[in-house]
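# Fold and contact review
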Amino acid sequence: MTRWTLRMATTTYTVALGPQWPELVAWGPAGVEDGPSPLANHGQVHFITEADAAPVEYAPRGQRPFAGADLVLEQDSWWRFEEAEISDGLRLTYVDDVLGLRTTLCYRPVPDTDVLLRWVELTNAGVEPLAVTRLGSAGVCLPTRTARLTFLSGQWAQEFQRQTVTLPAGQFRIGSQYGVPGHNYAPWLAIQDTEQAWGISLAWPGSWEIDAEVDPTGMTRVRAGRLPHPGPLILLPGETLTTPQAALAYSAEGLDGLARVWHAYERQLSRPRPRPVLYNSWEATGFSVNADSQLALARAAADLGAELFVVDDGWFTGRDDDTGGLGDWEPDENAFPQGFGAFVEEVRALGLGFGLWVEPESVSPKSHLYKEHPDWVYQIDGRPHTLVRNQLLLNLGREDVREFLWAMLDGLLTRYPISYLKWDMNRPATERGASLPDADGDHVRGYLELLTRLREQHPDVLVEACAGGGGRTDLATIALSDVLWPSDNTAPLDRLAVQDGFLLAHAPHLMSSWVTDAPGVFDARPRSLRFRFVLAMAGVLGIGADITKWTAEHKKEARELVALYKEIREIIHTGEVYRLPDAVQYVTPGTTVVLAWHTGTLTGVPEVPGRPTRLPLKALANGSYVDRKSGARYSGAHLTHVGLPVSWTRHHDADIVVLDHVAT
Ligand code: GLA
């Protein structure tokens, strides 16, 4: 059988050409392909077809009728192999002579990472329209005995909760029909057997599905793709449809190693820009935004060392609460009596960059925009609108809507010296009827087109992606934005869990995090200001508290911590991440930074006998390490096998330790 081996940084992915479909031979550390395939079926099939038992890479229903197909058309499809092309990857083309469908499976290794991108191009070379009801980007078989699946689930204010299930047989499915990836599941899945971990992540900011099925032989097959919604997708003669990319990652070092593979990929995918320490006024002032309140906060933020001031929701006309204003993107004259431009200049005169919140896709029924263009929102003739957070959603599939939004965004960015835009989206899509079978795809393309235009025409503006918290965190959004807002829940212990899950899938330089005054939403145990800071320092530090009310003592501590963060920010944003229990270690060749939090009960030390907690560190070099603050010196072996000592007390519940490597 003809075979192709795709080479990533340290891993390989080998595909063999079967008679009608390609099969996976091996996927793992380089060299795994050198031996008999662990996936090939050696037995006879009973009551199923050969394709159902084979480790197929991608198959249409028809050809693989029982065990799950990657492509489902209203008429079943059967293929023959046509050609293979090798360029910066591999392209395998199959043809259905009856339907006139050409399907090209595309593979592209991402240089210097252990990530392989897969997608599919479908061309209707026939004479009849083709109706697609299931559209996978990739399917992949894993040689697990028992699949341990890790996924990230939750809801608004509770995103990225890490969950694990063991699947000895049967099916597992996660997905979204929200029109955005949603809060319920991240479009990401990790599969483990022993220590090895395989992962899949989808570059699609719309509706999606990922499923896993363990067949009776113990082989796990994972499929990922966008969800044709409401569907079916119609592929007219002569048209080509390209699926979103599914990224595949592998690590021999378990989930933690897999996270490092994703981090490395996301560092390539996103722009290498410094992410400023920001202040965001949402939690301090809510919808009561006016020049005086914002300037008071901006002065306090500048004094703490912030680099950027972001005015969140509430700055535009008609936005006194969440029932109005969306669509009418003009600054509220009553709130900014000297003019918005003068206000922005006052903020910038404090030495701060200026950032602004927008929610381009939404419209309030009370707005002027809605009165002028009621036909711009999703609606089904004769059916009522559904309001979510009192708002409707614009149809970004319409060119006039996109042009309006572009003029609005470009106008704001041209009129005011804005260096940061928070792009929010606070409701899922509803009322997308049969007249718009690919509403999901059209909306996604509109959103990505606007983000692309922003990047091309305002390259100095950083974009924060947000959808009611972490409702739109996918690889396509990441490629066109600079930071993600993982959750509206900023309460310390809740945030720790959110960030723990987030860092499994995404890199720290994308993780926006604020120090706030929020009590716990789910876990209300109080935590120190330091705890909140150390938590927000684990990614892109922001402050969202009412800092005009902070005591002089808190401000002093905050100033010191912001300064320390600036010193270590580069290490946090580019270092290799090792996750320890209630701690994260960031490793660069010269320096290791450890951020640690205390969450459990206290031992009573020093009132009673006892000893410090030890955090065994990872990936250290030979030689010694010196604690930049205390001057304590430890050998790499001591830190690795005995651990870094940390002493928790009632007043000391978080720590930052910076260890510089010194050759002995
Ligand atoms: C969403 C965002 C918040 C904030 C509010 C404003 O919930 O996630 O951060 O911007 O909207 O309405």
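Notes on the structure in this doc start here. As the structure is a computational prediction, the values presented were derived from the model and not from experiment.

## As for the overall build of the protein chain
On a plain count of helices and strands, the protein chain comes out with 13 helices and 37 strands. Relative to a compact globule of 664 residues, whose C-alpha radius of gyration would be 26 Å, the protein chain shows 26 Å and is just as compact. Here the C-alpha coordinates of the protein chain stretch approximately 75 × 70 × 40 Å along the principal axes. Looking at the protein chain as a whole, 60% of its 664 residues are labelled buried. Considering only intrachain contacts with a sequence separation of at least 6, the fraction spanning at least 24 residues in the protein chain is 68%. Of the accessible surface of the protein chain, which amounts to about 25300 Å², a share of 52% is contributed by carbon and sulfur atoms.

## Thoughts on the state of the cysteines
Enumeration according to the criterion identifies 0 disulfides in this entry. Counting only cysteine sulfurs, Cys 106 is the nearest neighbor of Cys 141, a cysteine outside any disulfide, at a range of 19 Å.

## Description of empty space enclosed by the protein
A complete count under the given rule lists 5 cavities of 30 Å³ or more for this structure. One number sums up the size of the largest cavity: a volume of about 50 Å³. Those elements giving two or more residues to the lining of the largest cavity turn out to be β9 (130-142) and β16 (220-226). One number sums up the size of the second largest cavity: a volume of about 40 Å³. Taken together, Thr 490, Pro 492, Arg 495, Ser 513, Trp 514, Val 515, Thr 516, Arg 532, Leu 535 and Ala 536 make up the full set of residues lining the second largest cavity. Of all the secondary-structure elements, those providing two or more residues to the lining of the second largest cavity are α10 (492-505), β28 (512-515) and α11 (529-536). Class assignment for the residues of the lining of the second largest cavity results in 5 nonpolar, 3 polar and 2 charged.

## Section: the pairing of strand β1 (residues 3-7)
Note on strand geometry: in a regular strand, side chains alternate between the two faces of the sheet. The alternating pattern of β1 places Trp 4 and Leu 6 on a buried face and Arg 3, Thr 5 and Arg 7 on a face that is not buried. Relative to strand β2 (residues 11-17), β1 runs antiparallel, the two sharing 5 bridges. Following the sheet pairing, Leu 6 is matched in β2 by Tyr 13.

## Some words on the packing of aromatic side chains
For any pair of aromatic rings, geometry is given as the distance between the ring centres together with the angle between the planes. On inspection of all chains with the given rule, the structure shows 27 aromatic pairs. A ring pair is formed by Trp 315 and Phe 316, whose centres lie 5.1 Å apart and whose planes are at 70 degrees; its orientation type is edge-to-face. Taken together, the ring pairs connect Trp 315, Phe 316, Trp 329, Phe 336, Phe 340, Phe 343, Phe 354, Trp 357 and Tyr 416 into an aromatic cluster. Positioned above the aromatic ring of Trp 485 is the side chain of Lys 422, whose terminal nitrogen or guanidinium carbon lies 5.5 Å from the ring centre. Lying across the ring of Tyr 447, Arg 472 places its NZ or CZ 3.7 Å from the centre.

## Quick notes on unusual backbone geometry
Here the amide bond leading from His 229 into Pro 230 is cis, since omega sits at 0 degrees, within 30 degrees of zero. By secondary structure assignment, the location of Pro 230 is in the loop between β16 and β17 (233-235). Between Val 605 and the following residue, Pro 606, the backbone shows a cis peptide bond with an omega angle of 10 degrees. Relative to the elements of secondary structure, Pro 606 occurs in the loop between β32 (591-597) and β33 (613-615). Even without a glycine there, the phi angle at Phe 160 is positive, about 60 degrees. Examined against the element boundaries, Phe 160 turns out to sit in the loop between β10 (147-153) and β11 (161-167).

## Let's talk about the nonpolar core
If you look at the biggest cluster of nonpolar residues, it comprises 117 residues, and the most contacted ones within it are Trp 315 and Phe 533. If you look at the next biggest cluster of nonpolar residues, it comprises 56 residues, including Ile 200, Trp 208, Ile 210 and Leu 248.

## Focus on the site of the ligand
The ligand sits among 13 residues. The nearest are Asp 312, Asp 313, Arg 389, Lys 422 and Asp 488. Asp 424 is positioned with one of its side-chain polar atoms (N or O) 2.9 Å from an oxygen atom of the ligand. In the environment of the ligand, an oxygen atom lies 2.9 Å from a nitrogen or oxygen atom belonging to the backbone of Gly 469. For the ligand, whose free accessible area comes to 310 Å², the fraction covered by protein is 96%. By residue class, the composition of the shell around the ligand is 4 nonpolar, 3 polar and 6 charged.

## Some remarks on the pattern of salt bridges
Considering all chains together, one arrives at 47 salt bridges under this definition. Note that Arg 398 is salt-bridged to Asp 375, the shortest N-O span being 3.6 Å. Placement of Arg 398 in the loop between β24 (392-393) and α7 (399-415) and of Asp 375 in the loop between α6 (368-372) and β24 is noted, with a sequence separation of 23 residues between them. According to the relative accessible area criterion, Arg 398 is partly exposed, its value standing at 26%. Within the structure, one salt-bridge network assembled from shared partners comprises Arg 134, Arg 173, Glu 209, Asp 211, Glu 213 and Arg 223.

## Quick look at the side chain of Glu 266
Structurally, Glu 266 can be placed in helix α2 (residues 254-269). At 8.4 Å, Arg 267 is the nearest oppositely charged side chain to Glu 266, a buried residue that forms no salt bridge. Only 2.6 Å separates the side chain of Glu 266 from the side chain of His 506, close enough to count as a polar contact. Excluding anything up to four places from it in sequence, Glu 266 contacts Leu 475, Ile 478, Ala 505, His 506, Ala 507, His 509 and Leu 510.

## With respect to the packing of α11 against helix α12 (residues 552-574)
Remark: α11 packs on α12, axes separated minimally by 11 Å, with the N-to-C direction vectors making an angle of 25 degrees. The angle between α11 and α12 places the two elements in the roughly parallel class. Crossing geometry of α11 relative to α12 is assigned as right-handed. Only His 554, Glu 557, Ala 558, Leu 561 and Val 562 of α12 make contact with α11, whose side of the interface consists of Leu 529, Arg 530 and Phe 533. For the contact of α11 with α12, the residue count by class is 5 nonpolar, 1 polar and 2 charged.

## Thoughts on α2
Given 3.6 residues to a turn, an α-helix orients residues that are three or four positions apart in the same direction. Counted at 1.5 Å a residue, the expected span for α2 with its 16 residues is 22 Å, and the 23 Å between its end C-alpha atoms agrees. With 12 of 16 residues buried, α2 is to be regarded as a mostly interior element. Where α2 is concerned, the buried positions are Gly 254, Leu 255, Asp 256, Gly 257, Leu 258, Ala 259, Arg 260, Val 261, Trp 262, His 263, Tyr 265 and Glu 266.

Basis of the calculations
- Residues numbered from 1 in each chain as written.
- Predicted model: local features only at pLDDT ≥ 70, side-chain atom pairs only at ≥ 80, totals over all residues.
- Heavy atoms only, no water.
- Helix = DSSP H or I, 4+ residues; strand = E, 2+ residues; numbered from the N terminus.
- Rg over C-alpha atoms; globule rule 2.2 N^0.38 Å.
- Buried < 20%, exposed > 50% of the residue type's maximum accessible area, 1.4 Å probe, protein only.
- Contact = heavy atoms within 4.5 Å.
- Areas by Shrake-Rupley, 256 points an atom, 1.4 Å probe, with all protein chains shown as cover.
- Disulfide = S-S within 2.5 Å.
- 1 Å grid on protein atoms, 1.4 Å probe; cavity = no way out; pocket = protein on both sides within 12 Å on 5 of 7 lines; lining within 4 Å.
- Points joined across faces, edges and corners; volume = space filled by probe spheres on them.
- Nonpolar A, V, L, I, M, F, W, Y, C, P; charged D, E, K, R; others polar.
- Pairing = 2+ DSSP bridges.
- Phe/Tyr/Trp six-rings, centres within 6.5 Å; stacked < 30°, edge-to-face > 60°.
- Lys NZ or Arg CZ within 6 Å of the ring centre and 35° of its normal.
- Core = buried A, V, L, I, M, F, W, Y, C linked by side-chain atoms within 4.5 Å.
- Near = heavy atom within 4 Å.
- Polar contact = N/O pair within 3.5 Å; in protein donor to acceptor, adjacent residues only side chain to side chain.
- Salt bridge = Lys/Arg side-chain N within 4 Å of Asp/Glu carboxyl O.
- Lys, Arg positive; Asp, Glu negative; His and termini not counted.
- Axes fitted to C-alpha atoms, helices over the stretch in contact; angles between N-to-C directions.
- Parallel < 35°, antiparallel > 145°, perpendicular 65-115°, else oblique.
- Left-handed = near helix turned anticlockwise from the far one by under 90°.
- Expected span 1.5 Å × (residues − 1).

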